[in-house]
Amino acid sequence: MEISTGLQSLAATNPELMMEITTELQESMTAAAEAEDIEAVCTSLDEISAKMAG
């Protein structure tokens with residue numbers, strides 16, 4: 001599932017979870033970018049995608 005599509009779906013069905021995932025995504029991407037760790041970015045995106053998929 002593409003993250004942006006998943007967030008749009010969640011906005012309609014579960015806005016609280018959408019906000020939680022959005023915050024988690026922002027925090028994890030910022031931390032990974034600061035560490036310059038592409039593997040951490042990929043892992044974070046995988047985890048967020050799995051969370052959205054249920």
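*Asks:* In this structure, what is going on with the side chain of serine 28? I would like to understand it.
*Replies:* Position of serine 28 among the secondary structure elements: in helix α2 (residues 15–35). A polar contact of 2.5 Å, which involves the side chain of serine 28, links it to the side chain of serine 44. Not counting chain neighbours up to four residues away, the residues in contact with serine 28 comprise Ser44 and Ile48.

*Asks:* Would you take a moment to explain the nonpolar core for this structure?
*Replies:* Nonpolar side chains tend toward joint burial in soluble globular proteins. Listed in full, the eight residues of the largest apolar core are Ile3, Leu7, Leu10, Met18, Ile21, Leu25, Ile48 and Met52. Elements supplying a minimum of two residues to this core: α1 (3–13), α2 and α3 (38–53). Apart from residues lying up to four places away in sequence, methionine 18 is in contact with Leu7, Leu10 and Ala11.

How each quantity is defined
- Residues numbered from 1 in each chain as written.
- Predicted model: local features only at pLDDT ≥ 70, side-chain atom pairs only at ≥ 80, totals over all residues.
- Heavy atoms only, no water.
- Helix = DSSP H or I, 4+ residues; strand = E, 2+ residues; numbered from the N terminus.
- Polar contact = N/O pair within 3.5 Å; in protein donor to acceptor, adjacent residues only side chain to side chain.
- Contact = heavy atoms within 4.5 Å.
- Core = buried A, V, L, I, M, F, W, Y, C linked by side-chain atoms within 4.5 Å.
- Buried < 20%, exposed > 50% of the residue type's maximum accessible area, 1.4 Å probe, protein only.

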